[in-house]
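Listed here are the chains, written in short residue letters.
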Amino acid sequence: MDFLIPSTFAEALAIKAERPEVVPIAGGTDVMVELNFDHRRPTALLDLTRIAELTEWAPSENLLRVGAGVPYVRIIDELGDRLPGLAMASRTVGSPQIRNRGTVGGNLGAASPAGDTHPVLLACDAQVEVASVRGTRMIPAAEFYLGVKRNALEPDELIAAVHLAPAAAPQQFSKVGTRNAMVIAVCSFAVALHPEQGRVGAAVGSAAPTPRRALAAEEFLAGELSDAGLWESPKPLLDSVRRRFGELAAEAASPIDDVRGTAAYRRHALAVLARRTLGWAWQDYCGTGETRSQSCA
Amino acid sequence: MTAAVEAEVGRARRRKEDARLITGRTRWTDNLTLPGMLHLAILRSPVAHARIAAVDTSAAEAMPGVLAVLTGVDLAKEQGSMGCAWPVTPDMAAPQHPAMAVDTVRYAGEAVALVVAASAYQARDALDAIDVEYADLPVVLDVTRALAADSPLVHPEFGSNRCATWVFDSAEAGTGGETAPAIADAEVVLRRRFRQQRIIPAFMEPRSVLVDPTGDQVTMWSATQVPHILRMMLAATLGLPEHKLRVIAPDVGGGFGGKLQVTPEEVLVLLAARRLGRPVKYTETRSDSMLSCHHGRDQFQDLTLAARPDGTITALEVELLADLGAYLGLLTPGIPLLGAFMFNGIYRIPAYRFTCTSVFTNKMYTDAVRGAGRPEATFGIERMMDELAAELGLDPLEVRRRNWIGHEQFPFTTVAGLTYDSGNYEAATDRATELFDYQGLRREQARRREQDDPTLLGIGVSTYTEMCGIAPSKVLGSLSFGAGGWEHAAIRMLPTGKVEVVTGSSPHGQGHETAWSQIVADRLGVPFEDVEVLHGDTQISPRGMDTYGSRSLAVGGVAVLLAADRVLDKARPVAAHLLGCAAEDLDFAAGRFTARGTENGVSIQEVTGAVFAAHDLPDGFEPNLDAQATFDPENFSFPHGTHLCAVEVDTETGAVKIRSYVCVDDVGTVVNPLIVDGQVHGGVVHGIAQALFEEASYDELGNLTTGTFADYLLPTAADLPHLVTDRTVTPATSNPLGAKGVGESGTIAATPAVVNAVVDAVRHLGVTDIEMPCTPQRVWRAIGGGA
Ligand SMILES: Cc1cc2nc3c(=O)[nH]c(=O)nc-3n(C[C@H](O)[C@H](O)[C@H](O)COP(=O)(O)OP(=O)(O)OC[C@H]3O[C@@H](n4cnc5c(N)ncnc54)[C@H](O)[C@@H]3O)c2cc1C
């Protein structure tokens, strides 16, 4: 097996064009598990960790461009104020060791339905910047996930970065797991308020073959909020509204029974997560509740 | 002059072995490399029950680096049958247990072929090239249906899946009355069925074994808890002369009972090394370990408790259905029976009957896991005490008070026939309730219920005792166990006054080197640093019964103490000779013999030097101060304590959070408080883990579905509360140290405390039990959430 160590992104793209079968490795926290379990034996690994461009983040127009190789620990430390939802999801990933190495690019590359950043990227309308020797294109997060562990990358493409707007209003992420750390989500949920657009973003994780937006829940809530003029003069949400939002969010899922949980439990827990995360985010928006930085349900 | 020295026993010393263990700068078995060493990999059955129709090894043999591929057929003549040391009844069904399956596999994970190659990777790769044809047989997985007449059979030669039925009846034993009339007459009768799920010991260091056959002796290094038992059993299994075999347990990274086994892997590596005439090593992966290391617990408990309306217990009946898995390991059939003596707990119960039916299924076999039989029993009785309290509308502590043995009643012979030498349940309970703020939490619980708070509070109690310090040899004999329960120690006085302590206990993380050094430093009055503890090598420490059953200190530590006393006995006449006085006129303190009433003295080191030189010794004195001792305890030791747990249950998600946990344990004399706290913390966490997280599950085909740490859940620090620990000290009277075991007590105590708390939180919703582990989903279901 070859271990290829490009030092620039251009070099990496050239290799990927020439040998599309090579497996990129960033933090390696998914790739090494697959190799150790002998789930795959690539002919070559393409090490992305020496490529400086991938490990940087910077403002780009009115968005933030976060390099695919920025590890979770830096998202938490450096971007927690501007990307609170992504930082919350990052905090729930694995353990300190995994957060030191693991990256959003890797989460997207693996495209596991249980990946923790996915619901946040969906709720925040993130764009995935992918590149090849042919050029660069932007893929909306909602179009990136194609199936269980399948994404929209072409064989010669690499993920360069994700682009998200700095949060203008509260965001929340929450995950139900079988324990509090080092755990694959039984289900997860993200909500982001977008007052400037008069809408909310909402998405479910680990409860369908791909992470998914909860469109019906989004539409219902947008309607409720604007009908009552709540964006302009925020008041606490009716319990019935939060509950309905939860139910609709759960309906977005098509969960399965597995060792971690039954479909019925997942659907129920999603409704609870959606109701609670909305409650927390809206409370923050109203400026009444204390700001929540933790995200465990 | 004698300077005042701080006593070593009782001192919270940091463990001297930790630096090397924690940094890994030590000889874990897998760290060892011998010249010419080969690597072995094992092909494991992917099916739970099948006939092996054909095995084609030719492709694997042609793979690069491969020196040998062996199947069960190749080894059939030499591999013998893995030994079970505990034939619990004369009619017990004891199946042949080949180290490698010859014609039939009976659980997923059973070894079917092995490869020896130049590198570990080559060996592993060659496994994929072995072609095994399996002819599937029907599987038996549900222990409750395994005895049905139409059940498929794990071992058809016995005509049934029953292994043994073992009964204890207090009326027959003369230790109490008959249960049937007591239950028939009782005003209160509670019946419950509890499940003890299957768990996996999950030690940190995977098992590893290395065999060097090149000398006159065969040497085996193994990550085992039991080098001495291993040597004996290998000799018996393989017909190898015992003196031609040396077994070394170098540093071993945890065991929790999982390395109290003589494993097929050890036999296979030895056979392969012998065939090839070169050193061979096998180190399991974590996934291999989960599949093929013995599992623990796995029983159904049907309990019947009879009581008067005031809560006084009048009888207890226990019927166990134990899932042994496919074969008998070293102690498999005996493990559930250790519970027979503990279901009565700390209570005065007039009539008691215990029946255990053990059954074969197509799963990995079960055997000792931390507590071994006693956690199961303690869970049963402590859950029942809370159920009784709820039934009678009494406080769970009050029901216990009405039944427990008063501190003035010791020694107390229980209905199960054991004599508890000492204890003070009142003191431990009083201290625990005080630390816990028991009444305050009860008030909060009531308030949350009244306010319909979605987060409810529950309080769980466990007032446990356990029998450990295994064991008086006579008692083991009466239980048909195949060996004694003594322990051995030797002390060697080196010419420069330094001391080597040889122990037959075999530490794998417990801190023996520190504790033994403290005992010897005190007894001989030598500096702690001057004592070296040697262990785990049958050549250095030829006699031993190894480490399990919380026996090391209360048996092995006592042997060390006795050996130290013998060194002093030997040194005394020499000291008298050197000081020119009579031996009776000597005082000994802080390492110095002094002629009574004078300043005239000589240190133990000086005596040692004089004996080494041997120039001027009493007439006829054999110039040697070394001494040995073998201690066979007259009784078990009975640690006890009170554990109180408060949980918050999120009724919307079913999530359980431990809010506070208080334990007050009585482990008798404490040699090193830091080590004891460590054992209590680890033990309690292990018990919490069984209550809330751990479960080994098999699917309907018999595949282990929890074969990695992603699915077999161990709690992390983020899942655990701050543990409040305290102690009462009631020394054991059965050994001169006054020590009781502490390695398992936390695990034994904690599980029922946690489950009692979870049930207590939601009992007003009609819940009387939640099967372990109490996962969010199970709790949610129990309170009527859904499927
Ligand atoms: C113990 C443990 C705990 C974990 N816990 C969690 C958890 O709680 N939540 C969670 O979501 N995940 C978890 N994971 C999974 C993993 O850590 C995450 O998916 C992480 O984001 C992967 O990032 P990485 O940089 O390590 O990716 P890598 O392993 O390097 O790569 C992952 C995949 O992405 C591809 N890839 C990486 N970078 C690029 C790129 N720039 N362009 C194209 N393809 C690329 C790789 O080829 C590979 O297919 C855990 C993993 C482990 C081992």
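Each value, and the rule that gives it
Residues numbered from 1 in each chain as written. Chains lettered and ligands numbered in written order. Predicted model: local features only at pLDDT ≥ 70, side-chain atom pairs only at ≥ 80, totals over all residues. Domains from an automatic or database assignment. Contact = placed C-beta atoms within 7 Å. Helix = DSSP H or I, 4+ residues; strand = E, 2+ residues; numbered from the N terminus. Nonpolar A, V, L, I, M, F, W, Y, C, P; charged D, E, K, R; others polar. Buried ≥ 20, exposed ≤ 12 C-beta atoms within 10 Å, placed from the backbone. Near = placed C-beta within 6 Å. UniProt positions renumbered as here; feature names shortened; annotations may be inferred. Pairing = 2+ DSSP bridges.

Quick notes on the domain arrangement of chain A
Residues and elements named next belong to chain A. For chain A, the assigned domains read domain 1 (2-35 + 54-164) and domain 2 (171-286). For domain 1 and domain 2, the distance between their C-alpha centres works out to 24 Å. Facing the 22 residues of domain 1 at the interface are 24 residues of domain 2. Sorting elements by how many residues they give to the side of domain 1 that touches domain 2 places helix 7 (residues 117-123) first, with 5 residues. Per-class residue counts for the side of domain 1 that touches domain 2 are 14 nonpolar, 6 polar and 2 charged.

Looking at the environment of Val499(B)
All names here are of chain B. Considering the arrangement of structural elements, one finds Val 499 in strand 20 (residues 499-503). The class for Val 499 is buried, based on 24 C-beta atoms found within 10 Å. A sequence separation of 19 residues divides Val 499 from Ser 480, and the C-alpha atoms of the two residues are 39 Å apart. In this structure, Val 499 is in contact with Ile 491, Met 493, Leu 494, Val 520, Leu 524, Val 526, Asp 530 and Val 531, ignoring residues within four places of it in sequence.

So, the site of the ligand
Residue and element names in this part refer to chain A. Taken together, 29 residues lie around the ligand, and Ala 26, Gly 27, Gly 94, Gly 106 and Gly 109 are the ones closest in. Breaking the shell around the ligand down by element, the ones donating at least two residues are strand 2 (23-25), helix 2 (31-36), helix 5 (96-101), helix 6 (104-110) and strand 10 (158-164). Classifying every residue of the shell around the ligand by side-chain character gives 14 nonpolar, 12 polar and 3 charged.

Some remarks on the UniProt feature "domain: FAD-binding PCMH-type" (unreviewed entry) in chain A
According to UniProt, the feature "domain: FAD-binding PCMH-type" (unreviewed entry) maps to residues 1-169 of chain A in the numbering used here. Measuring from the first to the last C-alpha atom of residues 1-169 of chain A gives 48 Å, for a span that is 33% helix and 25% strand.

A closer look at the interface of chain B and chain A
Each partner contributes to the interface: chain B provides 20 residues, whereas chain A provides 16 residues. Looking at the side of chain B that touches chain A residue by residue, the classes come out as 8 nonpolar, 9 polar and 3 charged.

Details of unusual backbone geometry
The amide bond that connects Phe410(B) to the next residue, Pro411(B), takes the cis arrangement and shows omega of -5 degrees. Between Ile470(B) and the following residue, Ala471(B), the backbone shows a cis peptide bond with an omega angle of 0 degrees. Among the structural elements, Ala471(B) can be located in the loop between strand 18 (455-465) and helix 15 (473-478). Even without being a glycine, Asp38(A) presents a positive backbone phi close to 60 degrees. With 10 C-beta atoms packed within 10 Å, Asp38(A) lands in the exposed category.

Some points on the pairing of strand 19 (residues 487-493) of chain B
Residue and element names in this part refer to chain B. Of all 7 residues making up strand 19, 6 are buried, and the element is well covered by its neighbours. Pairing analysis gives 5 bridges linking strand 19 to strand 25 (residues 627-631), with the strands arranged antiparallel. Bridge assignment links Ile 491 to a residue of strand 25, and that residue is Ala 627. In the sheet, strand 19 pairs with strand 20 via 5 bridges, with the strands oriented antiparallel. Pairing of Ala 490 across the sheet is with Val 502, part of strand 20. Between strand 19 and strand 20, which pair antiparallel one after the other, the connecting turn spans 5 residues, and Gly 497 there sits at a positive phi close to 90 degrees.

Things to note about the domain arrangement of chain B
Interfaces are often sized by the amount of accessible area the parts lose when they come together. All names here are of chain B. Each assigned domain of chain B is listed here: domain 1 (33-137 + 204-254 + 259-292), domain 2 (296-471 + 635-782) and domain 3 (486-631). Distance from the C-alpha centre of domain 1 to the C-alpha centre of domain 3: 41 Å. At the junction of the two partners, domain 1 supplies 16 residues and domain 3 supplies 13 residues. If you tally residues by element for the side of domain 1 that touches domain 3, the top one is helix 7 (residues 227-238), at 4 residues.

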